[in-house]
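Below, each chain spelled out in residue letters.
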Amino acid sequence: MNKRIIAISVLAALCISVQAKVKLPHIICDNMVLQQQTEARLWGWDKPGKTVKVTTSWSNVPVSAKAGKDGKWLVKVKTPKASYEPLSITFDDGEAVTINNVVSGEVWVCAGQSNMEMPVKGFGMCPVKDYNHHVLDAANSKGVRSVKIPSIMRATPQEDALCEWRVCSPKTVSDFSATGYFFARLLSRTLDIPVGIIEANKGGSRVESWLTKENLQKYTNDPTDSVEICRKWSQWDYHRSLLWGNGTFNPILNYTVKGIIYYQGCSNVGDPGDQYSQRMKLLVDQWRAQFGLGEIPFYFVQIAPFRYDDNDNATSGAFLREQQYKASQIIPNSSLVCINDLVYPYETTQIHPTQKQPVGERLAFTALNRDYGFETIQYKSSSYKDMTIKGDTIFIHTQDNYWCDAPFEDMQGFEVAGEDKVFHPATARHFWQPGGGYWDEAIMITSPVVKKPVAVRYCFKNFQIGNVKNGGNQPLFPFRTDNWEK
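What you see is a predicted model, and the numbers here were worked out from it, not measured in a lab.

Caption draft 1: Focus on the nonpolar core. Residues Ile 27, Leu 42, Trp 73, Phe 91, Ile 198, Phe 249 and Tyr 262 are the most contacted members of the largest nonpolar core, which totals 72 residues. If sequence neighbours within four positions are ignored, Ile 27 has contacts with Met 32, Trp 43, Val 147, Ile 149, Cys 163, Trp 165, Ile 198, Ile 252 and Tyr 255. Listed in part, the 38 residues of the second largest apolar core include Val 135, Ile 197, Leu 368 and Phe 463.

Caption draft 2: Quick look at helix H9 (residues 316-330). An ideal rise of 1.5 Å per residue puts 21 Å on 15 residues; H9 measures up with 22 Å between its terminal C-alpha atoms. In this fold, the buried residues of H9 make contact with helix H8 (275-291), strand S12 (298-301), strand S13 (334-337) and strand S21 (479-480).

Caption draft 3: How the structure looks around the side chain of Asn 215. Looking at the element boundaries, Asn 215 is found in helix H5 (residues 213-219). Here Asn 215 falls in the buried class, since its relative accessible area comes to 14%. Here Asn 215 is in contact with Thr 220, Leu 282 and Gln 286, once residues within four sequence places are set aside.

Caption draft 4: Structural detail: the state of the cysteines. In total, this model carries zero disulfides according to the counting rule given. Left unpaired, Cys 29 is separated from the closest cysteine sulfur, that of Cys 163, by 6.5 Å. On the accessibility criterion, Cys 29 (15% relative accessible area) is buried. Cysteine Cys 404 shares no disulfide, and the gap to the nearest cysteine sulfur, in Cys 338, comes to 16 Å. Taking relative accessible area as the criterion, Cys 404 reaches 26% and is therefore assigned partly exposed.

Reading guide: rules and limits
Residues numbered from 1 in each chain as written. Predicted model: local features only at pLDDT ≥ 70, side-chain atom pairs only at ≥ 80, totals over all residues. Heavy atoms only, no water. Core = buried A, V, L, I, M, F, W, Y, C linked by side-chain atoms within 4.5 Å. Buried < 20%, exposed > 50% of the residue type's maximum accessible area, 1.4 Å probe, protein only. Contact = heavy atoms within 4.5 Å. Helix = DSSP H or I, 4+ residues; strand = E, 2+ residues; numbered from the N terminus. Expected span 1.5 Å × (residues − 1). Disulfide = S-S within 2.5 Å.

Below is the structure:
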């Protein structure tokens, strides 16, 4: 009996010890990347009232926090300048827990749906171009690290997720987000510092999938009760509102990050009016408020050409791209990447185009110019500016073209329409004319079957690949000059 009592006492003591030991969220672990030269947040749980002391290998000044009634605690630590030097952090409430091989660098969130989630190894029937070369080259990308937040649904906001940071290597890179990896790789090599990406995304998700209950109730007609949500989207769970944000995004909101890159929109094709652009702004405002880091950068990708509605020539996808462009105009500190040229002609029904490297690199060009001082990088796509009609000819000007609209001849992707609103393929080329003491460069557009044109469109279809690019070799944004419903 005495032995049994002793055994029970020892077990009880062990249980108390385990319960009293500081608990960290899974995202705070070995190999993590800290946002450099800032006050990075570190947090966790402990016995209510317990004091947790946090000591870092780069500072002699520890910081402490007392766990609240709910057991939660949070501290802020000043992080050093980015370097590859391995760092460590110790959390001590009487029993120390240390995480190792931590580095200081830049941290970006990779959000959105399947084209952001798509790994370097691709999906079934959806390869990533030059996969083997990227695997071998990963030996040169040891500065890149990634943590994948499991894509899960929850009825209530979650504070933790089962995950771990991974150091890039030929053995690990296959599972990194392809778009995120190519973004981080170019940043890391250009800046020669570590770059960490937090992958919090879900294939097939809508913009509403990431909105909070409060925003859904105030700005949408989507249900917010988990049972009603599941009932409404019983067939396509990836379309569900709220639940993905609760389970997949909420766990990262305490993490200190530099900014967000985002690739989503396919599941919102068909949304009416300006609904998508307004909800995109709502989501960005929400995330910035939740992170509490100010107006952090938000760079996102325009959806690629695809045969929506089983019709290349329909326009539902084009209208969504237009909404994305409008969103970029109303969201502060944002920028939109055009990828109209990054599909092959045979990819009409491939929702996951194979060319992911240039997508990630165009996002990186944006960040390098806007956030890291590389002002000579020409990252913007050109866009429609204005139009003049003279007889049977339309003249348009573009903006952000870096003094170049290429190619000089045989520009493809333009259509013109008359008052009958029927669009016909058009011929487009450069036109220079002297006027007012300067040379006025324009794109001249005509169609032999439209004698009195009133409107022009460029690649304004579900699947249409143009060839117009600017001086930075960035593609012209698809556009239309009309306001017709189709």
